[in-house]
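# A look at the structure
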Amino acid sequence: MALKEDMTRITINIKKGENERLKELAEADNRSVSSYVRNLVLREIEQSKK
């Protein structure tokens with residue numbers, strides 16, 4: 001899948017058990033895992049600006 005021009009790709013490494021929990025959290029939030037993680041990162045960035 002191609003990225004938009006103003007986007008960058010970030011890869012994270014997590015343990016298998018943590019990956020399953022991440023999938024559960026994303027599903028509970030009605031998001032894909034990548035969308036869920038992106039939302040977490042953006043929230044942290046916004047909080048760090050304060």
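This section reports on the structure supplied with the text. Starting from 1, residues in each chain are numbered consecutively following that chain's sequence as written. The predicted origin of the model limits local features to residues at a pLDDT of at least 70 and limits the giving and counting of side-chain atom pairs to 80 or more, whereas totals for whole chains, interfaces and linings rest on all residues. Calculated side-chain values reflect all of the structure's heavy atoms, with hydrogen atoms and water omitted.

### Structural notes on the packing of helix α1 (residues 16-28) against helix α2 (residues 33-49)
Helices that pack against each other are described as a pair by the angle of their axes relative to one another and the distance between those axes. Formally: Every angle, taken between N-to-C directions, lies between 0 and 180 degrees, and every axis is a line fitted to C-alpha atoms, over only the stretch in contact when it is a helix. Elements are defined by DSSP. Helices are runs of H or I of four residues or more, strands are runs of E of two residues or more, and each kind is numbered from the N terminus. Orientation categories follow fixed angle ranges, with anything under 35 degrees roughly parallel, anything over 145 roughly antiparallel, 65 to 115 roughly perpendicular, and all other angles oblique. Any two residues whose heavy atoms approach within 4.5 Å are treated as being in contact. Residues are grouped as follows: Ala, Val, Leu, Ile, Met, Phe, Trp, Tyr, Cys and Pro are nonpolar; Asp, Glu, Lys and Arg are charged; all remaining types, including Gly, are polar.
Where α1 meets α2, the closest approach of the two axes is 9 Å, and the angle between their N-to-C directions is 85°. Judged by the angle between their axes, α1 and α2 are roughly perpendicular. Taking contact as the criterion, the partners of L22, K23, L25 and A26 in α1 are, on α2, V33, Y36 and V37. For the contact of α1 with α2, the per-class residue count stands at 6 nonpolar, no polar and 1 charged.

### Examining the pattern of salt bridges
Condition: In the sections that follow, a salt bridge refers to a side-chain nitrogen of Lys or Arg positioned within 4 Å of a carboxyl oxygen of Asp or Glu. Between buried and exposed lies partly exposed: a residue is buried under 20% and exposed over 50% of the maximum accessible area for its type, with that area taken using a 1.4 Å probe on protein chains only.
Under the defined criterion, the tally for this structure stands at 4 salt bridges. A salt bridge links K23 to E20; its shortest N-O distance comes to 3.7 Å. Linking K23 with E20, this pair stays in helix α1, spanning 3 residues, or about one helical turn. The partly exposed category is assigned to E20, whose relative accessible area is 43%. R31 is the partner of D29 in a salt bridge, and the nearest nitrogen-oxygen pair spans 2.8 Å. The partly exposed category is assigned to R31, whose relative accessible area is 34%.

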